Amino acid sequence: MENKQDNRKFVAFTHTFEDPWAGESADEAQSVSLTFRFAKPGKTQIQRLQDKAAKNPGQAARNLLLDVIHPDDREAFSARLEEYPGIATSFASAIIKGVGISAELGN
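What counts and what doesn't
Residues numbered from 1 in each chain as written. Predicted model: local features only at pLDDT ≥ 70, side-chain atom pairs only at ≥ 80, totals over all residues. Heavy atoms only, no water. 1 Å grid on protein atoms, 1.4 Å probe; cavity = no way out; pocket = protein on both sides within 12 Å on 5 of 7 lines; lining within 4 Å. Points joined across faces, edges and corners; volume = space filled by probe spheres on them. Helix = DSSP H or I, 4+ residues; strand = E, 2+ residues; numbered from the N terminus. Nonpolar A, V, L, I, M, F, W, Y, C, P; charged D, E, K, R; others polar. Core = buried A, V, L, I, M, F, W, Y, C linked by side-chain atoms within 4.5 Å. Buried < 20%, exposed > 50% of the residue type's maximum accessible area, 1.4 Å probe, protein only. Contact = heavy atoms within 4.5 Å.

A short note on empty space enclosed by the protein
Counted under the stated rule, the structure contains 1 cavity of 30 Å³ or more. As a volume, the largest cavity reaches approximately 50 Å³. Forming the walls of the largest cavity are Q45, R48, L49, K52, A60, N63, L64 and D67. The set of elements that each furnish at least two residues to the lining of the largest cavity consists of α1 (43-53) and α2 (57-68). Within the lining of the largest cavity, the residues separate by chemical class into 3 nonpolar, 2 polar and 3 charged.

And the structure:
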């Protein structure tokens, strides 16, 4: 069975941040860098995101990402989502900016 995403172009997105809870001491943060590959979302996926984002933005972001993530990255991404639930918003924001959605228009 062929994966429908096999023909899609996947691009690596990297998110780097400091985790203040992961350091050895209370005043020592650990740098975290996460890279996953995502395909460009289609019109249907963006519409679904926009329809669901008002009610549950976190779940809408998570659904979009799981729709467009490279199949080989899905398991690792899901594990990191459990550890760092905020990364769904960060990665989704980068992806939707790449398809032209931005709150910065005119600024």
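What about the nonpolar core?
By size, the foremost hydrophobic cluster in this structure holds 18 residues, and its most contacted members are L34, F36, F38, L65, F77, I87 and F91. Among the elements of the structure, β2 (30-39), α2, α3 (74-83) and α4 (87-98) are those that each provide at least two residues to this core. If near-sequence neighbours (up to four positions away) are discounted, F36 is found in contact with V11, A12, F13, I69, D73, A76, F77, R80 and F91. Core analysis: the second largest hydrophobic core is formed by 5 residues, I46, L49, A60 and L64 among them.

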